[in-house]
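# Chains, contacts and geometry: an overview
What follows is the residue order along each chain.
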Amino acid sequence: MKNAAALSGDQQATLPVAGAGASADLSTRDRVTQLLLERGATTAAQLGSALGLSPAAIRRHLDAMLADGDVVAREQAVRGSRGRGRPAKVFVLTEAGRVRCGTHHYDNMATAALRWIARNGGSEAVAAFAADQVAALEARCRAAMEDAGDDPLARAEALAAALTAEGYAANASTIATGGQLCQHHCPVAHVAAEFPQLCEAETAVISRLVGTHVQRLATIAHGDGVCTTHIPAQPRAQSGNTVTTVRTDR
């Protein structure tokens, strides 16, 4: 048998490298995970198109992630009249998948600290703590939005960019009833599931930064795939910014 030293250069170039396939698969899987983190619920076709993968290739990665419990498949919500055939499936990161992204460090300690605050100071103390925690984030985002103008939708776009820079993977879009701000990542989702004051404080910040009344429609902390905040096109005149939380998954 020929040894490696006896092979020609061309022959050596064709030899498989141990672990190369696994490394490539891991890299692609990381890209799929990141895309799901940024976009939320996404179809296999959309993932394949964004990553330049064939339907068979993206399916192989998604099947592996399904088997590992990193993603779940759901039927895509269809608005209006539904066409023939089954609706396309969308894939969403599970909590385990988010943990693999390193998104929930120190959750246990943070939860324990908030429980201590709640026992010794009550819910108002928790709310005050939450407001204090987001104050620095608000200041940084406000500085990043200095040139955004006064239009709420323009400010929402600037806020989305600022939040993305903070690691929230956010985007803003215009819809028929106004605007929508989506955050595809929440660094405190596990803690906020027990202490909604964290979500309420963050929503108040969004309202102040956008400059108008907003409605929180969904949150990752409550099991939704994305935190969604609605910005009405024509808010009612009010003496101050108001925050309204509306749950849509009940």
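Positions within a chain are numbered from 1, following the residues in the order the chain's sequence is written. Note on the predicted model: pLDDT of at least 70 is required for a residue's local features to be given, and 80 or more for side-chain atom pairs to be given and counted; whole-chain, interface and lining totals, by contrast, use all residues. For side-chain calculations, the full set of non-hydrogen atoms in the structure is used, while hydrogens and water are omitted.

Moving on: the overall build of the protein. Counting from the N terminus, the helices are the DSSP runs of H or I reaching at least four residues and the strands are the DSSP runs of E reaching at least two. A tally of helices and strands in the protein yields 9 helices and 8 strands. Buried, partly exposed and exposed residues are distinguished by accessible area as a fraction of the type maximum, computed with a 1.4 Å probe on protein chains only: under 20%, between the cut-offs, and over 50%, respectively. Residues classed as buried in the protein amount to 38% of the 250 residues present. Within the protein, contacts between residues at least 6 apart in sequence are counted, and of these 56% link residues at least 24 apart. Roughly 14300 Å² of accessible area belongs to the protein as shown, and the carbon and sulfur atoms make up 52% of that amount. Any two residues whose heavy atoms approach within 4.5 Å at even a single point are treated as in contact. Here the Shrake-Rupley method, with its probe set to 1.4 Å, supplies the accessible areas, and only the displayed protein chains count as covering residues.

Turning our eyes to something else, we now look at the pairing of strand 3 (residues 89-93). A large share of strand 3 lies buried, amounting to 4 of its 5 residues. Being paired, for any two strands, means DSSP has found at least two bridges between them. Note that strand 1 (residues 42-43) and strand 3 share 2 bridges and pair antiparallel. Within strand 3, the position partnered with Thr 43 by the bridge is Val 90. Judged from the 5 bridges that link them, strand 2 (residues 71-75) and strand 3 form a sheet pairing that is antiparallel. Paired with Arg 74 across the bridge in strand 3 is Val 90.

Although it is not a glycine, Ala 169 sits at a positive phi angle of roughly 50°. Within the secondary structure, Ala 169 sits in the loop between helix 7 (152-165) and strand 4 (170-175).

This paragraph deals with the confidence of the model for the protein. With 75% of its residues at a pLDDT of 70 or more, the protein shows a mean pLDDT of 80. Think of pLDDT as the predictor's per-residue confidence, scored from 0 to 100. Taken element by element, the predicted model of the protein shows its lowest mean pLDDT in helix 1 (residues 9-13) (38) and its highest in helix 9 (residues 197-210) (96). pLDDT under 50 marks residues 1-22. Its contacts with residues more than four places away, or in other chains, come to 5 contacts. Low pLDDT, under 50, characterises residues 245-250; the stretch is placed with 13 contacts to residues that sit more than four places away or in other chains.

The next subject is the side chain of Thr 203. One can find Thr 203 in helix 9. We define a polar contact as two N or O atoms separated by no more than 3.5 Å, with the added condition that, inside protein, one atom must be a possible hydrogen donor and the other a possible acceptor, whereas residues neighbouring each other in sequence contribute only through side-chain atom pairs. Polar contacts involving the side chain of Thr 203 include one to the side chain of Arg 216, which spans 2.4 Å.

Below, the discussion takes up the environment of Ala 218. Looking at the secondary structure, you find Ala 218 in strand 6 (residues 214-218). Accessibility expressed as a relative area gives 9% for Ala 218, which makes it buried. As a C-alpha pair, Ala 218 and Thr 228 span 10 residues in sequence and 5.0 Å in three-dimensional space.

Counting through the fold element by element, Thr 164 comes out in helix 7. Those residues within four positions of Thr 164 in sequence are excluded, and the remaining contacts are Ala 169 and Ala 170.

This part takes up the sheet that holds strand 2. Taken in spatial order, the 3 strands line up as 1-3-2 in an open sheet, and their pairing is antiparallel. Every interior strand has two partners, whereas the edge strands, strand 1 and strand 2, have only one.

In this section: the nonpolar core. In terms of nonpolar packing, the biggest core is built from 31 residues, with Leu 114, Cys 141, Leu 159 and Leu 163 touching the most fellow members. Listing elements by their share of this core, those giving two or more residues are helix 6 (107-144), helix 7, helix 8 (189-194) and helix 9. When neighbours within four sequence positions are excluded, Leu 114 is seen to be in contact with Val 126, Phe 129, Val 191, Phe 195 and Leu 198. What we call a nonpolar core is a set of buried Ala, Val, Leu, Ile, Met, Phe, Trp, Tyr and Cys residues that are connected through their side-chain atoms within 4.5 Å. Within the second largest apolar cluster, 13 residues are counted, among which are Val 32, Leu 36, Met 65 and Val 71.

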